[in-house]
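Survey of secondary and tertiary structure
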Amino acid sequence: MKLIAPLFALAICYVLFFAYVITSYASLPAHVASHFDIEGRPNGWMSRGTCVGFTLGLGLLVPAFIVGMMAGAGRIPVSFINLPHRDYWLA
């Protein structure tokens, strides 16, 4: 039951993020700069569709990975944690 509020907040953030990316699609140029050299000049390009797909993919998968790692951290067996004075730190 404690997991409902964080998942609801994550779902709201996903919806807002998706809406922002979709509404900003039309304002992107046909070729979007995707990589820059050390002086800030673009030296790599991708199409508008690829940029939106890449943005949506990273924007959806990275937070889900972080939330999954945090949710799973409490389920790691204590024997798998290699830490000096483990009993003290995990008490």
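In short, a report on the structure. (Residues numbered from 1 in each chain as written. Predicted model: local features only at pLDDT ≥ 70, side-chain atom pairs only at ≥ 80, totals over all residues. Heavy atoms only, no water.)

What follows covers the overall build of the chain. If you tally the helices and strands in the chain, you get three helices and two strands. Along the chain, helices (α) and strands (β) appear in the sequence α-β-β-α-α when read from the amino end. Against the 2.2 N^0.38 benchmark of 12 Å for 91 residues, the chain shows a C-alpha radius of gyration of 20 Å, more extended than a compact globule. For the chain, the spread of C-alpha atoms along the three principal axes comes to 55 × 35 × 15 Å. When burial is assessed residue by residue, the chain has 11% of its 91 residues classed as buried. Partitioning the contacts of the chain with sequence separation of at least 6, the portion at a separation of at least 24 is 36%. Of the roughly 7,500 Å² of accessible surface on the chain, 73% is carried by carbon and sulfur atoms. (Helix = DSSP H or I, 4+ residues; strand = E, 2+ residues; numbered from the N terminus. Rg over C-alpha atoms; globule rule 2.2 N^0.38 Å. Buried < 20%, exposed > 50% of the residue type's maximum accessible area, 1.4 Å probe, protein only. Contact = heavy atoms within 4.5 Å. Areas by Shrake-Rupley, 256 points an atom, 1.4 Å probe, with all protein chains shown as cover.)

Moving on: helix α2 (residues 48–73). Between its first and last C-alpha atoms α2 spans 37 Å; for 26 residues at 1.5 Å apiece the expected length is 38 Å, and the two agree. Restricting attention to buried positions, one finds in α2 the residues C51, V52, L56 and G59. (Expected span 1.5 Å × (residues − 1).)

Once that is clear, we can look at unusual backbone geometry. Despite not being glycine, H85 has its phi angle at roughly 55°, a positive value. Take H85: it is sitting in the loop between α2 and α3 (86–89).

Our next topic: the pairing of strand β1 (residues 31–36). As judged from the five bridges shared by β1 and strand β2 (residues 42–47), these two strands associate in the antiparallel manner. Directly across from A33, in β2, lies its bridge partner W45. As consecutive antiparallel partners, β1 and β2 are separated by five residues, and within that stretch G40 has a phi angle of approximately 90°, a positive value. (Pairing = 2+ DSSP bridges.)

This part takes up the packing of aromatic side chains. Scanning the model with the defined rule gives one aromatic pair in all. A ring pair is formed by Y88 and W89, whose centres lie 5.1 Å apart and whose planes are at 80°; its orientation type is edge-to-face. Sitting over the face of the ring of Y25, R48 holds its NZ or CZ atom 5.4 Å from the ring centroid. (Phe/Tyr/Trp six-rings, centres within 6.5 Å; stacked < 30°, edge-to-face > 60°. Lys NZ or Arg CZ within 6 Å of the ring centre and 35° of its normal.)

Another point: helix α1 (residues 4–24). With 21 residues, α1 ought to run about 30 Å at 1.5 Å a step, and its terminal C-alpha atoms sit 30 Å apart, in line with that. Along α1, the positions that sit buried rather than exposed are L10, V21 and S24. Each buried residue of α1 sits inside an arc of 70° when the element is viewed along its axis, so together they form one side. Within α1, the exposed residues directed more than 90 degrees away from the buried face are I4, A5, F8, V15, L16 and T23. Where α1 is buried, its residues meet α2. (Arc of directions from axis to C-beta.)

Contact geometry of α1 with α2 gives a least axis separation of 10 Å together with a crossing angle of 170°. Classed by the angle they form, the pair α1 and α2 counts as roughly antiparallel. Seen from α1, the contacting residues are L10, Y14, F17, F18, V21 and I22; seen from α2, they are V52, T55, L56, G59, L60, P63, A64 and V67. For the contact of α1 with α2, the residue count by class is twelve nonpolar, two polar and no charged. (Axes fitted to C-alpha atoms, helices over the stretch in contact; angles between N-to-C directions. Parallel < 35°, antiparallel > 145°, perpendicular 65-115°, else oblique. Nonpolar A, V, L, I, M, F, W, Y, C, P; charged D, E, K, R; others polar.)

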